[in-house]
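# An overview of the molecular structure
Listed below, chain by chain, are the residues.
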Amino acid sequence: MDINSLIAHYGYAALVVGSMAEGETITLLGGVAAHQGLLRFWLVVAAVALGGMIGDQLLYLLGRRLGDRVLRHFSRHQDKIDRAQRLINKRPWLFVIGTRFMYGFRIIGPLLIGSSGLPPRVFLPLNIVGAIVWALIFTTLGYVGGEVVGPWLHAIDQHLKHWIWLILAIVLAFVLRAVIKRWLAKNRETGE
């Protein structure tokens, strides 16, 4: 099975799972795969939006349930946390949608939102809108970038098997070296 058939077969599931945790890279790659014709553009957008929405929803619920306990570990940043929670309650649409686009805020953002007391009836629709907008923007960037990356990916696919064998040979050489060193050290200790 080559890499293209793997992407075509498991691509959407990988996009949902990958975008739950870390989104930008997986979404860009989904856009590239759509450009290459391996996946359908709108299904990539839907899969990535679904994964991002689920991930943020779970973190929001975790924040509602355990947010205060988790945030206590960041007591030295309490002034920033308080300021963020005031902003969340004042302009929830800005914070919920904007959190997706703030680098390094993808995990802590939904936790903060959940611990701020923002009701689920407000968070859920904003989370859906934010996930769709975010997925559309980054999938489109990946799709457009596929024009540049496409030839490079084709070259990787052509040489992938060779690289795998080379990496396996290097790993095997290091393992054999370590085994031989250990064997020689053991023989020196026993005096054989």
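Below is a summary of the structure that appears in this document. (Residues numbered from 1 in each chain as written. Predicted model: local features only at pLDDT ≥ 70, side-chain atom pairs only at ≥ 80, totals over all residues. Heavy atoms only, no water.)

### Things to note about the overall build of the protein chain
What the protein chain contains, in helices and strands, is seven helices and zero strands. Secondary structure elements in the protein chain, listed N-terminal to C-terminal, are α-α-α-α-α-α-α. When the 192 residues of the protein chain are sorted by exposure, 32% land in the buried category. Long-range pairs, those at least 24 residues apart, make up 83% of the contacts in the protein chain between residues at least 6 apart in sequence. By element, 69% of the accessible surface of the protein chain is carried by carbon and sulfur atoms, the whole surface being about 12600 Å². (Helix = DSSP H or I, 4+ residues; strand = E, 2+ residues; numbered from the N terminus. Buried < 20%, exposed > 50% of the residue type's maximum accessible area, 1.4 Å probe, protein only. Contact = heavy atoms within 4.5 Å. Areas by Shrake-Rupley, 256 points an atom, 1.4 Å probe, with all protein chains shown as cover.)

### A closer look at the nonpolar core
Nonpolar side chains in soluble globular proteins tend to be buried together. Ranked by internal contacts, the top residues of the largest apolar core, which has 14 residues, are Leu15, Leu39, Val44, Val48, Trp134 and Ala135. For this core, the elements supplying multiple residues, two or more each, are α2 (24–35), α3 (41–72) and α7 (120–190). If one sorts the elements of this core by residue count, α3 sits on top with six residues. Here leucine 15 is in contact with Ile26, Gly30, Leu39, Val44, Ala47 and Val48, once residues within four sequence places are set aside. (Core = buried A, V, L, I, M, F, W, Y, C linked by side-chain atoms within 4.5 Å.)

### Thoughts on empty space enclosed by the protein
If you walk through the whole model with that rule in mind, you get one cavity of 30 Å³ or more. Every residue along the wall of the largest cavity is listed here: Asp56, Val96, Thr99, Arg100, Pro110, Ile113, Phe123 and Asn127. When residues of the lining of the largest cavity are traced back to their parent elements, those giving at least two are α5 (92–99), α6 (108–115) and α7. Counted by class, the lining of the largest cavity contains four nonpolar, two polar and two charged residues. (1 Å grid on protein atoms, 1.4 Å probe; cavity = no way out; pocket = protein on both sides within 12 Å on 5 of 7 lines; lining within 4 Å. Points joined across faces, edges and corners; volume = space filled by probe spheres on them. Nonpolar A, V, L, I, M, F, W, Y, C, P; charged D, E, K, R; others polar.)

### Some remarks on the packing of aromatic side chains
Evaluated as defined, the whole model comprises five aromatic pairs. Aromatic pair phenylalanine 41 and tyrosine 143: ring centres 5.6 Å apart, planes at 85 degrees, arrangement edge-to-face. Taken as a pair, phenylalanine 41 in helix α3 and tyrosine 143 in helix α7 lie far apart in primary sequence, 102 residues in all. Note on tyrosine 143: relative accessible area 34%, which makes it partly exposed. By way of ring pairs, the aromatic residues Phe41, Trp42 and Tyr143 are connected into one cluster. (Phe/Tyr/Trp six-rings, centres within 6.5 Å; stacked < 30°, edge-to-face > 60°.)

### Observations regarding a nonpolar patch on the surface
Together, Leu28, Phe101, Val129, Val133, Ile137 and Leu141 make up an exposed nonpolar region whose accessible area comes to about 460 Å². Tallying contributions element by element places α7 first for the nonpolar patch, with four residues. By secondary structure assignment, the location of valine 133 is in helix α7. (Patch = residues over 30% accessible without salt bridge, like charges linked within 9 Å, V, L, I, M, F, W, Y side chains within 5 Å. Salt bridge = Lys/Arg side-chain N within 4 Å of Asp/Glu carboxyl O.)

### Section: the packing of α2 against α3
Two numbers describe a pair of packed helices, the interaxial angle and the distance between the axes. α3 packs onto α2 with a crossing angle of 165 degrees between their chain directions and a minimal axis gap of 9 Å. Comparing their axes, α3 and α2 come out roughly antiparallel. The way α2 lies across α3 gives a crossing that is right-handed. When α2 is examined against α3, the residues Thr27, Gly30, Gly31 and Ala34 are found in contact with a partner set consisting of Phe41, Val44 and Val48. (Axes fitted to C-alpha atoms, helices over the stretch in contact; angles between N-to-C directions. Parallel < 35°, antiparallel > 145°, perpendicular 65-115°, else oblique. Left-handed = near helix turned anticlockwise from the far one by under 90°.)

### Thoughts on the packing of helix α4 (residues 78–90) against α6
Between α4 and α6, the least distance of the axes is 9 Å, while the angle of their chain directions is 70 degrees. Classified by the angle their axes make, α4 and α6 are roughly perpendicular. When α4 is examined against α6, the residues Ile81, Ala84, Gln85 and Ile88 are found in contact with a partner set consisting of Leu112, Ile113 and Ser115. Its residues placed into classes, the contact of α4 with α6 shows five nonpolar, two polar and no charged.

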